[in-house]
Amino acid sequence: MGSNSSRIGDLPKNEYLKKLSGTESVSENDPFWNQLLSFSFPAPTSSTELKLLEEATISVCRSLVENNPRTGNLGALIKVFLSRTKELKLSAECQNHIFIWQTHNALFIICCLLKVFICEMSEEELQLHFTYEEKSPGNYSSDSEDLLEELLCCLMQLITDIPLLDITYEISVEAISTMVVFLSCQLFHKEVLRQSISHKYLMRGPCLPYTSKLVKTLLYNFIRQEKPPPPGAHVFPQQSDGGGLLYGLASGVATGLWTVFTLGGVGSKAAASPELSSPLANQSLLLLLVLANLTDASDVPNPYRQAIMSFKNTQDSSPFPSSIPHAFQINFNSLYTALCEQQTSDQATLLLYTLLHQNSNIRTYMLARTDMENLVLPILEILYHVEERNSHHVYMALIILLILTEDDGFNRSIHEVILKNITWYSERVLTEISLGSLLILVVIRTVQYNMTRTRDKYLHTNCLAALANMSAQFRSLHQYAAQRIISYTCRHLRRYVYVLDKLYFPHSHCSTLQHCFSTLSDNGEELLSLTCSHILRSYASSLFSLLSKKHNKVLEQATQSLRGSLSSNDVPLPDYAQDLNVIEEVIRMMLEIINSCLTNSLHHNPNLVYALLYKRDLFEQFRTHPSFQDIMQNIDLVITFFSSRLLQAGAELSVERVLEIIKQGVVALPKDRLKLI
């Protein structure tokens, strides 16, 4: 390093770095620091280059780890940085590029060293390196400066107080990134930390008063999505569109932290890394999420989570309760717009989930919006492209839908929003469809993908729970959405028959049924031949007559097999037998969804009745099935009632005529005949 540009390959031999990490103490007033900090550095643009940087500097860092307890050079570097930040605001106002450049470089070196120190040593050892104080002979005072606490307070002040200008953009990004690196201590502990240095410094003492101001600043950084200044806007070279070397370091750390505090652990796929238009917004979001997900200390709740849970809209003039600490106000409209626009990143989806789940003010505001499609469509697109997303992004999107569908007003309003030409939905051309019907299509597609590929019970249960939340408010379902609800149920009814056939009659009808079900694709029911349907109808009655004797025993054995608790005398069930519980659960939930719609909004959904009548042969087979008999009563009643009206109308009826008969029949069907279950 020094006044000339540095390359990664030159770092181990760099004389200034050798002096910093050597055995000689360097005073904070030594001119050496000006020489050390006058460097420009071409930033790595890939993980490979970042690894090369760490490998090139590891000998220097380890030398500093060994010598710093005697030299205190790390402390001297931090003091140089702290003294410079006191003049940073004035330097920004005076456009002192050189001063800001050197201060930025000091922070860059500190963060690189901090990352290595955190990886290489315990928290106790780390604190010792930051509390070094040179003592003269005969001085046995135990008092020492806690430079780590001073550094964190200084970073908070820098983030919240320094105006965001072209010449301060990079140092603002680096300050936020340094805090992310500091909070990475949890990555190196298997147990959840409740007494870490993060808790010691960030939840108590001089850092605590900055809580609400820091959270507010980070949120506004996310909202504004400020792009980095163009090349030539400052003296030190533009390091990269990604926001500098330190951005790369902190992003790597944040990726690890992400897997610690998000659902699902490590995703099934690595998250895509799209080009970031705003490194400041991205790093602010990462730091905000890490702070919000810090565990409570043993005696103090997480103040950053408290701030996120309680902030209000700038248009809300009601006073904050005295019991709510760290409260502040922010523009909800701007926040809502930013959240809608940024859902392509899993970090933004986690922020949306966090706010909906923990901040009742935000949740109430969003549910009252008249343009909910701006928020819901990006969430549906995440679920639609489930193959391309990592698991925790999909989970978060699903839980957001689950939260939203708990509100009856939301469930009604989404059927009133009409969308045109949904280009990303490729299974079928949707020239016009309600937001509610589109939501149903996407959720069913997600369940179907899960049942055939990932087989994650958590995922399909929550998808079906979202549909169940909506079912009583289904309105004017698109014919394709109604068809998918019924056909997906039929698909599992057929699969159910097949599994029972394999369990009870392994040598009977096997080849015929296996051939039938081998014709089922992801859109299965459309490809099932009339021959297969006939076989199922004739076969189901004989099969179901034996269910009462064997069904519960097989289910119990399947459950034991799943739990690994079969005795040594039990014969293990084949793989498909273990699907029985899952299939039955899916069937029952789908039947409950259909039943809820018929009971609460039959007159609003002629297309659903039409689809039900079209598949009535399969539903009639399950009329007396012991597992579904209770839930089938209303469905059987609707099928019987409307089938008789169609018979009275004669044969060769057009689709339009059938729908007309259904609409007339809805008025004639006594509502008290449908039982609430």
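Residues numbered from 1 in each chain as written. Predicted model: local features only at pLDDT ≥ 70, side-chain atom pairs only at ≥ 80, totals over all residues. Heavy atoms only, no water.

1. Considerations on the overall build of the protein chain
Let me state the cut-off plainly: The secondary structure listing takes helices from DSSP runs of H or I that are at least 4 residues long and strands from runs of E that are at least 2 residues long, numbered from the N terminus. Any pair of residues with heavy atoms lying within 4.5 Å of one another is described as a contacting pair. Per-residue and other accessible areas were derived by the Shrake-Rupley procedure at a 1.4 Å probe size, with only the shown protein chains allowed to occlude residues.
Within the protein chain, the secondary structure is distributed over 31 helices and four strands. Considering only intrachain contacts with a sequence separation of at least 6, the fraction spanning at least 24 residues in the protein chain is 74%. When the accessible area of the protein chain is evaluated, it comes to approximately 29,800 Å², of which 50% is carbon and sulfur surface.

2. With respect to the environment of Leu219
Stated formally: Between buried and exposed lies partly exposed: a residue is buried under 20% and exposed over 50% of the maximum accessible area for its type, with that area taken using a 1.4 Å probe on protein chains only.
In this fold, Leu219 is placed in helix α11 (residues 211-224). By relative accessible area, which is 1% here, Leu219 ends up buried. As for Leu219 and Leu285, which are separated by 66 residues in sequence, their C-alpha atoms are 7.3 Å apart.

3. Digging into the nonpolar core
Here is the rule: The nonpolar core is taken to be a set of buried Ala, Val, Leu, Ile, Met, Phe, Trp, Tyr and Cys residues, with the residues joined through side-chain atoms within 4.5 Å.
Ranked by size, the top nonpolar core spans 203 residues in total, and within it Phe81, Leu202, Tyr425, Leu438, Ile485, Phe619 and Phe642 carry the most contacts. Residues within four places of Phe642 in sequence aside, it is in contact with Leu602, Val609, Leu613, Ile662, Gly665, Val666 and Leu669.

4. Some thoughts on the packing of aromatic side chains
Using the following cut-off: When the centres of two rings from Phe, Tyr and Trp lie within 6.5 Å, Trp using its six-membered ring, the rings pair. Their planes under 30 degrees apart give stacked, over 60 give edge-to-face, and anything left gives tilted. We call a charge positioned above a ring when the Lys NZ or Arg CZ atom is no farther than 6 Å from the ring centre and deviates by at most 35 degrees from the ring normal.
Here the structure, examined in full by the defined rule, presents 11 aromatic pairs. Here the aromatic rings of Phe32 and Trp33 are separated by 5.1 Å at their centres, their planes lie at 70°, and the arrangement is edge-to-face. Trp33 carries the same exposure label as Phe32, and that label is buried. Here the aromatic rings of Tyr384 and Tyr425 are separated by 5.1 Å at their centres, their planes lie at 40°, and the arrangement is tilted. Of the two residues, Tyr384 is situated in helix α18 (residues 373-384) and Tyr425 in the loop between β3 (418-420) and β4 (432-434); the sequence distance between them amounts to 41 residues. A single burial state applies to Tyr384 and to Tyr425, both of which are buried. A connected cluster of aromatic rings, assembled from ring pairs, spans Phe311, Phe328, Phe332, Tyr336 and Tyr365. Sitting over the ring of Phe99, Arg84 keeps its end group 5.1 Å from the ring centre.

5. As for the packing of helix α19 (residues 391-404) against helix α22 (residues 457-471)
Which entries qualify depends on this criterion: Here the axes come from fitting lines to C-alpha atoms, over the contacting stretch only for helices, and the angles between their N-to-C directions go from 0 to 180 degrees. Each angle receives one of four descriptions, namely roughly parallel if under 35 degrees, roughly antiparallel if over 145, roughly perpendicular if within 65 to 115, and oblique otherwise. By definition, turning the near helix anticlockwise from the far helix through less than a right angle yields a left-handed crossing, and turning it clockwise yields a right-handed one. Each residue gets one label: Ala, Val, Leu, Ile, Met, Phe, Trp, Tyr, Cys and Pro are nonpolar, Asp, Glu, Lys and Arg are charged, and the others, such as Gly, are polar.
Their axes nearest at 9 Å, the elements α19 and α22 cross at an angle of 25°. By the angle between their axes, α19 is roughly parallel relative to α22. Like other packed secondary-structure pairs, α19 and α22 cross with a definite hand, here left-handed. Together, Val394, Tyr395, Leu398, Ile399 and Leu402 of α19 and Tyr458, Leu459, Asn462, Cys463, Ala465, Ala466 and Asn469 of α22 make up the contact between the two elements. Its residues assigned to classes, the contact of α19 with α22 comprises 10 nonpolar, two polar and no charged.

6. Topic: the environment of Ile593
Mapped onto the fold, Ile593 is located in helix α27 (residues 580-601). Taking C-alpha positions, Ile593 is 8.4 Å from Leu464, a pair spaced 129 residues apart along the chain. Contact partners of Ile593, with chain neighbours within four places excluded, come to Leu464, Leu467, Ala468, Ser471 and Phe474.

7. Re the side chain of Thr103
Note on placement: Thr103 falls in helix α6 (residues 97-120). Here Thr103 is in contact with Phe81, Arg84, Thr85, Leu88 and Ile171, once residues within four sequence places are set aside.

8. Things to note about the pattern of salt bridges
Stated formally: The term salt bridge refers to a pairing of a side-chain nitrogen on Lys or Arg with a carboxyl oxygen on Asp or Glu at a separation within 4 Å.
Summed over all chains, the structure comprises 14 salt bridges. A salt bridge links Arg623 to Asp636, with the nearest nitrogen and oxygen atoms 2.8 Å apart. Of the two residues, Arg623 is situated in the loop between α29 (616-621) and α30 (629-649) and Asp636 in helix α30; the sequence distance between them amounts to 13 residues. By relative accessible area, which is 36% here, Arg623 ends up partly exposed. In this structure, Arg657 and Glu660 form a salt bridge, with 3.4 Å as the shortest nitrogen-oxygen distance. Residue Arg657 and its partner Glu660 are both found in helix α31 (residues 655-668); the two are separated by three residues, about one turn of the helix. Under the relative-accessibility criterion, Glu660 is labelled partly exposed at 40%.

9. Quick look at the confidence of the model for the protein chain
Where we set the bar: A residue's pLDDT is simply how confident the predictor is in it, with values from 0 to 100.
Of the residues in the protein chain, 78% reach a pLDDT of 70 or more, and the chain-wide mean stands at 80. Confidence over residues 135-142 falls short of pLDDT 50; this stretch has one contact with residues more than four positions distant or in other chains. Of the regions scoring below 50 in pLDDT, residues 270-274 engages in three contacts with residues more than four places distant in sequence or in other chains.

10. A few points about α30
Counted only if it meets this: Here the expected span of a helix is defined as 1.5 Å times the quantity of residues minus one. At every residue, the bend is computed as the angle between two fitted axes, covering the seven residues ending there and the seven beginning there respectively.
Between its terminal C-alpha atoms α30 stretches 30 Å, which fits the 30 Å expected from 21 residues at 1.5 Å a residue. At Ile635, α30 shows its maximal bend, which comes to roughly 30°. Along α30, the positions that sit buried rather than exposed are Ile631, Met632, Asn634, Ile635, Asp636, Leu637, Val638, Ile639, Phe641, Phe642, Ser643 and Leu646. Just downstream of α30, Gly650 is the residue with a positive phi angle, here 100°.

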